[in-house]
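Below are the chains, spelled out letter by letter.
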Amino acid sequence: MARSVKKDDSHKNTQDSYSRKKDTRNKILSVIIACEDQASAPTYFKMIVKRLKDNKLITQDSLVIPDHKHNTPMGVLSDLINHKKDGKSYKNFEHKWIVIDRDAPRVNGGGHTKDDFKGALSSAKSKKVEVAYANDSYELWYLLHFNPRTTAILRDEILIEVIKKLKEKNSAKFRDLDKDKIKSEEYTKLIYEELLELQPVAIRNAKKLLESYGETHNPESDNPSTTIHKLVEILNNLKDKKS
């Protein structure tokens, strides 16, 4: 009987180990986020990261927001995909996200088409990019800090309700707040600071809202709904990893 010869895989194992280490070195253990708007969402996420930096949990390079060139869901995804800086692309980041609104078309103009929103969700999934969306608009995330919301509400109604709640909570700080100023960098910073203590409430409300739709949840048609809390939780838990 012929003696079996054991295959020597040590060289292959060494190569595999080297490749894994190389991939780990090339991967930035942080997050890249492309946003639909230029001020409110990016500023809010930067505030979360600033707090972690101040507490020395992460470094200056832990958050990257690509150049803002588009304000449609598919356009936001292209901003992320086309990001290249210092020899790095979106693929080098541990967490890859886009932040978009459903923003249903309005009679007076504005909003996104159904196909654009759904296309962004589908394309993002194929490229292993996570999506933090809000139906109907990003400010739904603010509203959930105050109370649960289960009935449909559109962008202008959300803005009016959020402004009212903020003024009730702190009339001095938000006396001049209106539908234009709420999207500014200045007021977004104030909103973040004012609502920080209520963030756990917003996360719970967002989770319960998603759970209420069950397995048949449709991000495009289910108003209200949001996954912004998922990105917020990831950012809150960012920590530098020692190799």
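For the structure itself, consult the block above.
Because the structure is a prediction, the values reported are computed rather than measured.

Engineer: Which residues make up the overall build of the protein, and what values go with them?
Structural biologist: Counting secondary structure elements, the protein contains nine helices and seven strands. Classification of the 243 residues of the protein by burial places 42% in the buried group. Across the protein, the fraction of contacts at a sequence separation of at least 24, relative to all contacts at a separation of at least 6, is 68%. If you sum the accessible surface of the protein, you get close to 14000 Å²; carbon and sulfur atoms cover 48% of it.

Engineer: Residues and numbers for the environment of Tyr 213, please.
Structural biologist: Tracing the sequence through the fold places Tyr 213 in helix H8 (residues 199-213). Through-space distance from the C-alpha of Tyr 213 to that of Ser 225 is 9.1 Å; in sequence the pair is twelve residues apart. With residues up to four places along the chain from it excluded, the contact list for Tyr 213 reads Asp 222, Asn 223, Pro 224 and Ser 225.

Engineer: Just give me the short version of helix H9 (residues 228-236), but keep the residues and values in it.
Structural biologist: Within H9 the residues assigned to the buried category are Ile 228, His 229, Leu 231, Val 232 and Leu 235. Angular distribution of buried residues about the axis of H9 spans 160 degrees; they occupy a single face of the element.

Engineer: How would you summarise unusual backbone geometry if you had to cite specific residues and measurements?
Structural biologist: Residues Asn 135 and Asp 136 are joined by a peptide bond in cis, for which omega reads 25 degrees. With respect to the element layout, Asp 136 can be found in the loop between strand S6 (130-135) and helix H5 (140-143). The amide bond that connects Asn 223 to the next residue, Pro 224, takes the cis arrangement and shows omega of 5 degrees. Inspection of the secondary structure puts Pro 224 in the loop between H8 and strand S7 (225-226). The residue Asp 86 is not glycine, and still its phi comes out positive at about 55 degrees. Relative to the assigned elements, Asp 86 resides in the loop between strand S3 (84-85) and strand S4 (88-89). Residue Asp 86 is classed as exposed on the basis of its relative accessible area, which comes to 71%.

Engineer: Could you give me a rundown of the pattern of salt bridges, with the residues and numbers involved?
Structural biologist: Charged atoms that come close allow side chains of opposite charge to pair. A complete count under the given rule lists eleven salt bridges for this structure. Note that Glu 194 is salt-bridged to Lys 169, the shortest N-O span being 2.9 Å. One end of the pair, Glu 194, is in helix H7 (residues 185-195); the other, Lys 169, is in helix H6 (residues 155-169), with 25 residues separating them in the sequence. Here Glu 194 falls in the buried class, since its relative accessible area comes to 10%. The partner of Glu 185 in a salt bridge is Lys 189, and the shortest N-O contact between them spans 3.4 Å. Placement of both Glu 185 and Lys 189 in helix H7 is noted, with a separation of four residues, approximately one turn of the helix. Using a relative accessible area of 43% as the deciding quantity, one classes Glu 185 as partly exposed. Judged by relative accessible area, which is 35%, Lys 189 ranks as partly exposed.

Cut-offs applied
Residues numbered from 1 in each chain as written. Predicted model: local features only at pLDDT ≥ 70, side-chain atom pairs only at ≥ 80, totals over all residues. Heavy atoms only, no water. Helix = DSSP H or I, 4+ residues; strand = E, 2+ residues; numbered from the N terminus. Buried < 20%, exposed > 50% of the residue type's maximum accessible area, 1.4 Å probe, protein only. Contact = heavy atoms within 4.5 Å. Areas by Shrake-Rupley, 256 points an atom, 1.4 Å probe, with all protein chains shown as cover. Arc of directions from axis to C-beta. Salt bridge = Lys/Arg side-chain N within 4 Å of Asp/Glu carboxyl O.

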